[in-house]
Amino acid sequence: MAKSTLNRTKSECLYERAKNILPSGVNSPVRAIKPYPFFVKHARGSKLYSVDGISYVDYCMGYGPLILGHSFEGVLDAAREQLENGTLYGAPTENEIKFAEHISEMFPCMEMMRLVNSGTEATMHAIRLARGFTGKNKIIKFEGCYHGAHDYVLVKAGSGATSCGAPDSLGIPEETTRNTIVLPYNNYAALEDVVTQESNDIAAVIVEPVIGNAGLILPHGDYLQKLRKLTKEYGVLLIFDEVITGFRLALGGAQEYYDIEADLTTLGKILGGGFPIAAFGGKKEIMNHLSPFGKVYQAGTFSGNPLCVSTGIAVLQTLRKNKNEIYPKLARNCDELKKVIVDLVSSYTIEAQVNSIASMFQIFFTSTPIVDYGCAKSCDTQKFSVYFQELLKQGVFVPPSQFETCFLSTAHDKDDLERTVDALDNALHKVSTKGRSV
Ligand SMILES: Cc1ncc(COP(=O)(O)O)c(C=O)c1O
């Protein structure tokens, strides 16, 4: 029987209204939480506040960007100051140079870069540039790596696309993905096989150095170093998609963390401090192929948007100035949460894996270590759903999908962690009392 309007929460009512005007009621698939998402009124620090008057300790953090927490004062100040001076010029600014110089100092492989509006745009242009530069068509991507919602990379793409077939979406002609070779991550032999045989046709390998879109999956041993060596040897460009890992694993992203230089790098998320901006860049000899001086076309009305550039500068300056405190503190808090989860699953005798690195973590309900997308997909997602819903009931918001990752921010404090530990205890107890579902 339909629930009377009187008994409905504000979020439930808003979701009914949203479904009439926004497909599935949302503007990005993973937000369509069942039975309905909570609608946000405002956010500050580590918390989201819903229209229903509930506060949530947030571990989505906008799906990664908000490493300094919601409504970080330095970012808001930068935005306020820029608003007074205009929000779009259609002509260059000194701040764009300053921002790019900052980025290049943290990512030395990005000798030159272009600013764009989203991670999707960044990877799309990086791939086109790799093809234009090498004169080759094929690219290699890995199962479970998500590089945005454009056609060439939407194959076994992790994140919100996980539930679809291949290509991961209707509307993508098969011939579009014919040049996309998909390989299992962490399997060097499979990679070596293809690269050694087909390098004449392969423009680039694109990889999330640490996968954050199939849950969280770490590179094994010297997998990334071997990937770098192989691609260099065979004249295949290596694109590190650091949209998540950039400024997250370390200031200089996975490239600093693992001491590897990619040929092209894509950044997004943290780069704008909650404002939409992204970048792709690499060696000058490659980047100089971009239009108008070069023959690879790339453009954007909002590219290098002054508002987003100003907030991006504020974030990067804060991270650089305080990196010695920020990154160790984030890692400590993450390690603490991981330990709590590991202890709880052991005491409740739940079969589970916990992967973590720097300030990212994720739980998988399985007895098998998670080393690739296949392992991640074989987990008990119904148990994950119980875990998610129980945490939510207790005011802790983790990403609603098994195929996402939790993020900590500098705003998460002792109280948040304590509240999270209690919620985790209850949620995992609930998981343990529900039998394995098929
Ligand atoms: C690794 C990675 N690359 C690219 C993207 C696409 O970025 P955007 O959503 O800003 O288009 C994402 C988004 O989650 C991502 O995680």
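Computed from a predicted structure; not experimentally measured.

## Here's the deal with the overall build of the protein
At step 1: From N to C terminus, the protein includes 14 helices and 14 strands.
At step 2: The C-alpha atoms of the protein give a radius of gyration of 22 Å, which matches the 22 Å a tight globule of 438 residues would have.
At step 3: Along the first, second and third principal axes, the C-alpha atoms of the protein reach 60 × 55 × 45 Å.
At step 4: Here the protein holds 438 residues, and 55% of them are scored as buried.

## What about the packing of helix α6 (residues 188-198) against helix α7 (residues 223-233)?
At step 1: One way to put it is that α6 packs onto α7 with a least axis distance of 11 Å and a crossing angle of 5 degrees. Viewed along their axes, α6 and α7 adopt a mutual orientation that is roughly parallel. Residues Tyr188, Leu191, Glu192, Val195 and Thr196 of α6 touch α7, and the partners they reach there are Tyr223, Lys226, Leu227 and Leu230.
At step 2: Class assignment of the residues belonging to the contact of α6 with α7 gives a composition of six nonpolar, one polar and two charged.

## A look at the site of the ligand
At step 1: In the vicinity of the ligand, the residues found are Ser118, Gly119, Thr120, Tyr146, His147, Gly148, Glu208, Asn213, Asp241, Val243, Ile244 and Lys269.
At step 2: Between a nitrogen atom of the ligand and a main-chain N or O atom of tyrosine 146, the distance comes to 3.3 Å.
At step 3: Measuring from an oxygen atom of the ligand, one finds a side-chain N or O atom of asparagine 213 at 2.9 Å.
At step 4: Computed on the free molecule, the ligand has an accessible area of 390 Å², of which 83% lies beneath the protein chains in the complex.
At step 5: Looking at side-chain class alone, the shell around the ligand contains three nonpolar, six polar and three charged residues.

## Examining the domain arrangement of the protein
At step 1: Taken domain by domain, the protein comprises domain 1 (75-321) and domain 2 (324-348 + 365-384 + 428-438).
At step 2: Taking only C-alpha atoms into account, the centre of domain 1 sits 28 Å from that of domain 2.
At step 3: Summing both sides of the interface, domain 1 and domain 2 together bury roughly 1000 Å²; the carbon and sulfur share of this comes to 61%.
At step 4: Our count for the domain 1 to domain 2 interface comes out at zero salt bridges.
At step 5: Joining domain 1 to domain 2, the criterion identifies two residue pairs in polar contact (both at pLDDT 80 or more).
At step 6: Along the lines of polarity and charge, the residues of the side of domain 1 that touches domain 2 split into seven nonpolar, six polar and three charged.

## Considering α7
At step 1: Of all the residues in α7, the buried ones are Tyr223, Leu224, Leu227, Arg228, Leu230 and Thr231.
At step 2: Next to the buried residues of α7 lie β5 (138-142), α6, β7 (202-207), β8 (237-241) and α8 (253-258).
At step 3: Once α7 finishes, glycine 235 follows within two positions and takes phi at roughly 65 degrees, a positive value.

## Some points on the sheet that holds strand β4 (residues 112-116)
At step 1: What the seven strands build is an open sheet, ordered β4-β10-β9-β8-β7-β5-β6; its pairing is mixed. Among the strands making up the open sheet, the edge pair consists of β4 and β6 (180-183). For this sheet, the mean angle separating the axes of adjacent strands, direction not counted, is 20 degrees.
At step 2: Inspection of the sheet shows β7 paired to β8 by four bridges, in the parallel sense.

## As for the pairing of β5
At step 1: A large share of β5 lies buried, amounting to four of its five residues.
At step 2: Relative to β6, β5 runs parallel, the two being bridged by four bridges. Bridging from a neighbouring strand, isoleucine 139 pairs with threonine 180 of β6.

## So, the pairing of strand β1 (residues 40-44)
At step 1: Looking at chain direction, β1 and strand β2 (residues 47-50) are connected through four bridges and run antiparallel. Its bridge partner lying in β2, alanine 43 is registered against leucine 48.
At step 2: Counted along the chain from β1 to the antiparallel partner β2, the turn is two residues long, and its residue glycine 45 has a positive phi close to 60 degrees.

## Some remarks on the pattern of salt bridges
At step 1: Throughout the structure, instances matching the rule amount to 14 salt bridges.
At step 2: Across the pair aspartate 416 and lysine 47 runs a salt bridge, and its minimum N-O distance is 2.8 Å. Pair noted here: aspartate 416 is in helix α14 (residues 414-433) and lysine 47 is in strand β2, with a separation of 369 residues, a long-range link. As far as the burial class goes, aspartate 416 and lysine 47 line up, both buried.
At step 3: Look at the salt bridges and you will find they share partners, linking Arg44, Glu73, Asp77 and Arg80 into a network.

## Digging into the sheet that holds β2
For sheets, the rule is that strands pair by backbone hydrogen bonds, running either parallel or antiparallel.
At step 1: Pairing is mixed in the open sheet, where four strands are placed in the order β1-β2-β3-β13. The strands lining the two open edges of the sheet, one partner per strand, are β1 and β13 (396-397).
At step 2: Relative to strand β3 (residues 55-58), β2 runs antiparallel, the two being bridged by three bridges. Looking across to β3, one finds that leucine 48 is bridged to tyrosine 56.
At step 3: With respect to the sheet, α14 is in contact with β2, β3 and β13, its orientation differing from that of β3 by roughly 95 degrees.

Calculation rules
- Residues numbered from 1 in each chain as written.
- Predicted model: local features only at pLDDT ≥ 70, side-chain atom pairs only at ≥ 80, totals over all residues.
- Heavy atoms only, no water.
- Helix = DSSP H or I, 4+ residues; strand = E, 2+ residues; numbered from the N terminus.
- Rg over C-alpha atoms; globule rule 2.2 N^0.38 Å.
- Buried < 20%, exposed > 50% of the residue type's maximum accessible area, 1.4 Å probe, protein only.
- Axes fitted to C-alpha atoms, helices over the stretch in contact; angles between N-to-C directions.
- Parallel < 35°, antiparallel > 145°, perpendicular 65-115°, else oblique.
- Contact = heavy atoms within 4.5 Å.
- Nonpolar A, V, L, I, M, F, W, Y, C, P; charged D, E, K, R; others polar.
- Near = heavy atom within 4 Å.
- Polar contact = N/O pair within 3.5 Å; in protein donor to acceptor, adjacent residues only side chain to side chain.
- Areas by Shrake-Rupley, 256 points an atom, 1.4 Å probe, with all protein chains shown as cover.
- Domains from an automatic or database assignment.
- Buried area = accessible area lost by both parts, 1.4 Å probe.
- Salt bridge = Lys/Arg side-chain N within 4 Å of Asp/Glu carboxyl O.
- Pairing = 2+ DSSP bridges.

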